[in-house]
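Chain and residue survey
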Amino acid sequence: MATRRTFVILGADGDLAARLLLPGLGQLLMHDRRSRLTLMGVGRSALSDDEWRRRLRAAMRADEEDPLVASLEASAHYRQADATSRDDLQALFDDLPGPVAIYFALPPSVAHAACETLAGMDVPPGTVLALEKPFGTDLESAREFNALLARLPDGVRVVRVDHFLGKTTVLALTGLRFANHMFESVWHRDHIERVEVVFDESLALEGRAGYYDRAGALRDMIQSHLLQVLALIAMEPPESVGSEDMHRAMAEVLERTRVWGSDASEASRRARYTAGSVGSRVFPDYAAEDGVDPARETETLTEVTLQVNADRWHGVPFVLRSGKAIGRDREEISITLREPSALPRGFSGEVRRGLRIGMKPERIVLDVAVNRADDLLALRTVELASRSTEGRLGAYAEVLGGILDGDELLSVSGPMAEACWRIVTPILEAWAEDRVPLEEYPAGSRGPSSWPTTQHD
């Protein structure tokens, strides 16, 4: 009979648990029909078991008549405790049966303090600690955090979660490239002119000013999520799609990645939105949003250009861009192919040549040059488009499944976390020295009008 696992959510009374973790757990439970799971919520709020179960039922959006849901609710308990208190954590471990997985749905500073407490405790072997980004606030703190995690007792496994890399995206991108000779054969500087990874969203702060105003677009998206996507695109073929082989291949890319031309002031841009609208939604100036300190000069849009110092990618710019309150959502990888070296004279027309891989929605678009029907010497672009593999589970359900099953594919290794901070450090330093101006753009636009357009804007 399978061992019953206990899943603990530290910060169970917070927004992350209600908005993402519990709905993801409900989706995982319904899909995989997991019956041997005990759920423990831990938070500072005073909640009874019944109140916790009602929150659980509402967040999971599951049928309460389902016997699986009834079983999970019956075993679900809540405890009021301080995640940084040695006495509270020890009492928690003393009462928990079976292997334990602990998800830190906590602010970064509290999660760090909790790990410091755990490093001095006798944590049961087989315990899994799942941590959300950010993994530090700069390179020095990332190194200190990794050193702290290395002090945890033997047998304790740390998973640095990156929900952005839902398994569908990871495996779909890897399969598309390596399982198709037509793509892998041109995955090279001789054929690829430029790579862009874009995550523009029409949403603004959505009540997250407390975190976002201290992070900004560079730390929130580029330093973490988009650099992981770059590593997937640029890595050499891994031995397998197992977590160790994938992490090794991705870490090698990140170790070779630098700011384009070694000049962070030329290779980065930053801006923040002013008043405007996206559809029917009206946004104030970012500086006037509740919880924002204008003196921090937090950017809500950034674009950085990087280089991968490997023969395969010599001379190919990797442009990473992420912004909030942009006029249209765009979440895709765009790979621009070079023009043919010997196009016969006589043809005319400007065309796109490249591959686009959408992260949401999941789709693949191949831009191909063809003749116009009304003028056979004129070329035009046609799109060969298809939906890519749709995930059976959402990103958080995939992440939780990996944690419970011991699959670390959707995680970030310690060396990868440090490499990502090293890459963005020159940019952060240039910004701190005001060598890169903080520009503005109206909410609902594509960004400052002075910025050059990315592909497919």
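Reference entry: report on the structure contained in this document. Here the structure is a predicted model, which means the values were calculated and not measured.

1. Some remarks on the overall build of the protein chain
Each helix and strand in the protein chain was counted, giving twelve helices and 18 strands. Principal-axis analysis of the C-alpha atoms gives the protein chain an extent of 80 × 50 × 45 Å. Relative to its full complement of 457 residues, the protein chain shows a buried share of 52%. Of all intrachain contacts in the protein chain linking residues separated by at least 6 positions in sequence, the fraction that spans at least 24 positions is 78%. With the model as given, the accessible surface of the protein chain reaches about 20,400 Å², and the carbon-plus-sulfur share is 48%. Averaged over its 53 positive side-chain charges, the protein chain has a centre that lies 3 Å from the centre of its 71 negative ones.

2. Quick look at the environment of R55
Looking at the secondary structure, you find R55 in helix α2 (residues 49-60). The spatial distance from the C-alpha of R55 to the C-alpha of A18 is 7.8 Å, given a sequence separation of 37 residues. Aside from chain neighbours lying at most four places away, what touches R55 is D13, L22 and L47.

3. Comments concerning the packing of aromatic side chains
Scanning the entire structure with this criterion turns up seven aromatic pairs. Taking the centre distance of 5.6 Å and the plane angle of 85 degrees together, the rings of Y273 and Y286 count as edge-to-face. Pair noted here: Y273 is in strand β9 (residues 268-274) and Y286 is in the loop between β11 (281-283) and β12 (301-308), with a separation of 13 residues, a long-range link. In terms of burial, Y273 and Y286 fall into one category: buried. Ring geometry for Y273 and Y441: centres 6.5 Å apart, planes at 70 degrees, overall edge-to-face. Of this pair, Y273 sits in strand β9 while Y441 sits in strand β18 (residues 438-442); the two residues are 168 residues apart in sequence, bridging distant segments of the chain. Like Y441, Y273 is buried. Ring pairing ties together the aromatic residues Y273, F283, Y286 and Y441, which thus form one cluster.

4. Quick notes on empty space enclosed by the protein
Evaluation of the coordinates by the stated rule reveals three cavities of 30 Å³ or more. Of the volumes computed, that of the largest cavity is approximately 90 Å³. In terms of lining, the largest cavity is formed by 13 residues, of which the most central are K133, F135, S224, Q228 and V412. Secondary-structure elements contributing two or more residues to the lining of the largest cavity are α9 (209-234) and α12 (414-432). A per-element tally of the lining of the largest cavity places α9 first, with four residues. Across the lining of the largest cavity, the residue classes tally to seven nonpolar, four polar and two charged.

5. Topic: unusual backbone geometry
Here K133 and P134 are connected by a cis peptide whose omega angle stands at 10 degrees. In this fold, P134 is placed in the loop between β5 (128-132) and α6 (139-150). Even without glycine at this site, E206 takes up a positive phi of about 55 degrees. With respect to the secondary-structure elements, E206 resides in the loop between β7 (192-200) and α9. Take E206: its relative accessible area is 41%, and that puts it in the partly exposed class. The backbone of E297 sits at a positive phi, close to 55 degrees, despite the residue not being glycine. Looking at the element boundaries, E297 is found in the loop between β11 and β12.

6. Topic: the packing of α9 against α12
Relative orientation of the contacting elements α9 and α12 amounts to 140 degrees, with a least axis distance of 10 Å. When the axis of α9 is compared with that of α12, the two are oblique. Here α9 and α12 pass one another in a crossing that is right-handed. Residues L218, R219, Q223, L227 and Q228 of α9 pack against M416, A417, C420, W421, I423, V424, I427, L428 and W431 of α12. In the contact of α9 with α12, the residues fall into eleven nonpolar, two polar and one charged.

7. A look at the sheet that holds β5
The strand order across the open sheet built from six strands is β3-β2-β1-β4-β5-β6, with neighbouring strands paired in parallel fashion. With partners counted over all chains shown, the strands left at the sheet margins are β3 (77-80) and β6 (157-161), one partner each. With direction set aside, neighbouring strand axes in the sheet form an average angle of 20 degrees. Examined bridge by bridge, strand β4 (residues 100-104) and β5 share four bridges and lie parallel to one another. Across the sheet, F104 pairs through a bridge with L131, a residue of β5.

8. Here's the deal with the pairing of strand β15 (residues 354-359)
The buried fraction of β15 is high, at six of six residues. Pairing geometry for β15 and strand β16 (residues 362-371), over six bridges, is antiparallel. Paired with L355 across the strands is L366, a residue of β16.

9. Re the state of the cysteines
Evaluated as defined, the whole model comprises zero disulfides. Residue C115 stays outside any disulfide, its sulfur separated by 19 Å from that of C420, the closest cysteine. For C115, a relative accessible area of 0% translates into the label buried. When its relative accessible area of 1% is taken as the criterion, C420 is described as buried.

10. Brief notes about helix α4 (residues 86-95)
All of the buried residues in α4 are L89, L92 and F93. Along α4, the residues classed as buried sweep out an arc of 95 degrees about the axis, all on the same side. The exposed set on the far side of α4, more than 90 degrees from its buried face, consists of D87, D94 and D95. On its buried face, α4 is in contact with β1 (5-10), β2 (37-43), β3, β4 and α5 (108-119).

11. Points about the nonpolar core
Membership of the largest hydrophobic core comes to 127 residues, with the highest contact counts inside it found for L39, Y103, F104, F318 and L320. In this structure L320 touches V197, I222, L226, L227, L230, T302, E303, V304 and L306, once residues within four positions along its chain are discounted. By size, the runner-up hydrophobic cluster in this structure holds 17 residues, among which are A209, V292, L301 and W451.

About the cut-offs
- Residues numbered from 1 in each chain as written.
- Predicted model: local features only at pLDDT ≥ 70, side-chain atom pairs only at ≥ 80, totals over all residues.
- Heavy atoms only, no water.
- Helix = DSSP H or I, 4+ residues; strand = E, 2+ residues; numbered from the N terminus.
- Buried < 20%, exposed > 50% of the residue type's maximum accessible area, 1.4 Å probe, protein only.
- Contact = heavy atoms within 4.5 Å.
- Areas by Shrake-Rupley, 256 points an atom, 1.4 Å probe, with all protein chains shown as cover.
- Lys, Arg positive; Asp, Glu negative; His and termini not counted.
- Charge placed at Lys NZ, Arg CZ, Asp CG, Glu CD.
- Phe/Tyr/Trp six-rings, centres within 6.5 Å; stacked < 30°, edge-to-face > 60°.
- 1 Å grid on protein atoms, 1.4 Å probe; cavity = no way out; pocket = protein on both sides within 12 Å on 5 of 7 lines; lining within 4 Å.
- Points joined across faces, edges and corners; volume = space filled by probe spheres on them.
- Nonpolar A, V, L, I, M, F, W, Y, C, P; charged D, E, K, R; others polar.
- Axes fitted to C-alpha atoms, helices over the stretch in contact; angles between N-to-C directions.
- Parallel < 35°, antiparallel > 145°, perpendicular 65-115°, else oblique.
- Left-handed = near helix turned anticlockwise from the far one by under 90°.
- Pairing = 2+ DSSP bridges.
- Disulfide = S-S within 2.5 Å.
- Arc of directions from axis to C-beta.
- Core = buried A, V, L, I, M, F, W, Y, C linked by side-chain atoms within 4.5 Å.

Any functional reading would require information beyond the geometric quantities listed.
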